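# Structural overview
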Amino acid sequence: MNDARVRLRYLRQTISLLFPGPGEARPYSLLPHPLLPRRLAPRTWWHPCGKVMVPSGEDTVETYLSEVLDLPVRVVLHVRPARRVNRKPILEAHGPDGLVAFVKIGDTDRARELIANEARTLDMLAGASLKTVVPPVVLHHGSWHGLSVLALSPLPVPDRASRLRVGHGAIPPGLLTEAIREIGALSGDRSAWHGDFCPWNIARGPDGRLLVWDWERFATGVPLGFDALHHFFQRALRRMRPAVAARACLAQALPILAPFGLSAAEARLTAIHYLIVLAERHAADGHEPLGPPARWLSPVVDAQEVLV
């Protein structure tokens, strides 16, 4: 079954969870949409569907969010890629004056665990003295119909025109380094990492600080620099096969980690450690997005046996 079919099936299942029971149906727009430029969302066979009918009633996720956020809410539902292990419904909650929250729905045990970790992390960050990093604020964390619900404040992400004026995705290397260092210092003696510090989870804010979202994978007790390696590796995976990207991560370990004071030997060892931790994460999730570790990880580790 192709990705589009899986997404549509998951969409129908999600709608039945979030809009249960009887009620008059109302239209729900689908994206990608025929009016959206191809360069932003390539057209697929599902465009002729046009609309999905969504039940409306007194007991829906919209009525729940309206109560906990204390204003009338309408939601837009995002359906994530079909084969992501951490896939979950993501809602945009819109009030009378526009977007008021992004809402994550925990519909599986793993999604609930990740959402709970993000809520704990953001509560901790709310009390931290952050100078470089700007995380979302938890507006609500609760349970509805057995589903975890985490509502987060929107971050002031620059619009596309603003990004183009300063250069596409332009984030000064120094800002990335300071953000990673600040995150690393959050746990005192034990270094911390965001856990998914990739280009699509960060943006330069209008005040020059770094906006950072998706804190589900935050953890402590890791070497400083894991976030820098993850940022490099995820970018490399967009243009390289996993095995090549893993070798590049190791080859570039020193320039990646030199800003954090690591020697060449320390940098290579940290890169190996990071790749192993990432493979362990995939194993714990029961999903291998990069393929079997024997193909992309083992050749790199085996070549560095003397270090590990």
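Read on for a plain summary of the structure. (Residues numbered from 1 in each chain as written. Predicted model: local features only at pLDDT ≥ 70, side-chain atom pairs only at ≥ 80, totals over all residues. Heavy atoms only, no water.)

Before going further, it helps to spend a moment on the pattern of salt bridges. A side chain of one charge can pair with a side chain of the opposite charge when the charged atoms of the two come close. Scanning all chains against the criterion turns up eleven salt bridges. Here Arg112 ties to Asp109 by a salt bridge, and the two come within 2.8 Å at their closest N and O atoms. With a gap of three residues between them, Arg112 and Asp109 both fall in helix α3 (residues 109–126), about one helical turn apart. Owing to a relative accessible area of 27%, Arg112 belongs among the partly exposed residues under this scheme. Across the pair Arg181 and Glu178 runs a salt bridge whose closest N-O atoms are separated by 2.7 Å. Taken together, the residues span about one helical turn, with Arg181 and Glu178 both in helix α5 (residues 173–184) at a distance of three residues. Here the residues in one salt-bridge network are Lys88, Lys104, Glu118, Asp214 and Glu216, joined through shared partners. (Salt bridge = Lys/Arg side-chain N within 4 Å of Asp/Glu carboxyl O. Helix = DSSP H or I, 4+ residues; strand = E, 2+ residues; numbered from the N terminus. Buried < 20%, exposed > 50% of the residue type's maximum accessible area, 1.4 Å probe, protein only.)

Turning our eyes to something else, we now look at the nonpolar core. In this structure, Phe197, Leu210, Phe233, Tyr274 and Trp296 are the most contacted members of the largest nonpolar core, which totals 52 residues. The element that contributes the greatest number of residues to this core is helix α9 (residues 264–285), accounting for seven residues. Beyond its immediate chain neighbours, meaning those up to four positions away, Trp296 contacts Phe233, Pro242, Ala243, Ala246, Leu275, Ala279, Leu290 and Gly291. Formed by 22 residues, the second largest nonpolar core is a distinct cluster that contains Leu11, Leu69, Ala93 and Ala151. (Core = buried A, V, L, I, M, F, W, Y, C linked by side-chain atoms within 4.5 Å. Contact = heavy atoms within 4.5 Å.)

What follows deals with the packing of helix α6 (residues 226–237) against helix α7 (residues 242–251). Contact geometry for α6 and α7: axes closest at 9 Å, N-to-C directions at 145 degrees. Seen from above, α6 lies across α7 with right-handed handedness. The segment α6 lies against α7, with Leu229, Phe232, Phe233, Ala236 and Leu237 engaging Pro242, Ala245, Ala246, Ala248 and Cys249. Across the contact of α6 with α7, the residue classes tally to ten nonpolar, no polar and no charged. (Axes fitted to C-alpha atoms, helices over the stretch in contact; angles between N-to-C directions. Left-handed = near helix turned anticlockwise from the far one by under 90°. Nonpolar A, V, L, I, M, F, W, Y, C, P; charged D, E, K, R; others polar.)

With respect to the element layout, Ser66 can be found in helix α2 (residues 61–69). A residue is classified by how much of its surface remains accessible, and Ser66, at 19% relative accessible area, is buried. For Ser66, the side chain forms a polar contact with the main-chain oxygen of Glu62, separated by 2.7 Å. (Polar contact = N/O pair within 3.5 Å; in protein donor to acceptor, adjacent residues only side chain to side chain.)

Let us look at the pairing of strand β8 (residues 147–152). Burial within β8 is extensive, with six of its six residues counted as buried. Two elements, strand β5 (residues 98–106) and β8, share five bridges in a ladder whose sense is antiparallel. Bridge pairing in β8 places Gly106 opposite Ser148. The pairing of strand β7 (residues 138–144) with β8 spans six bridges and is antiparallel. Within the sheet, the bridge partner assigned to His141 lies in β8 and is Leu150. Taken together, β7 and the strand that follows it, β8, pair antiparallel across an intervening segment of two residues, in which His145 is found at a positive phi of about 55 degrees. (Pairing = 2+ DSSP bridges.)

Bringing the sheet that holds strand β11 (residues 210–212) into the picture now. Within the open sheet, the three strands sit side by side as β6-β11-β10. Their pairing is mixed. Of all strands in the sheet, those with a lone pairing partner are β6 (133–134) and β10 (202–204), marking the two edges. The sheet contact formed by β6 and β11 spans two bridges and is parallel. Bridge pairing links Val133 to Leu210 in β11.

Looking now at the sheet that holds β5. Pairing is antiparallel in the open sheet, where five strands are placed in the order β3-β4-β5-β8-β7. Each edge of the open sheet carries a strand with a single partner, namely β3 (74–78) and β7. This sheet shows a mean twist of 25 degrees between the axes of neighbouring strands, independent of strand direction. Sitting on the sheet, α3 is in contact with β5, β7 and β8, with an inclination near 35 degrees to β8.

Any link to function would need more than the numbers given here.
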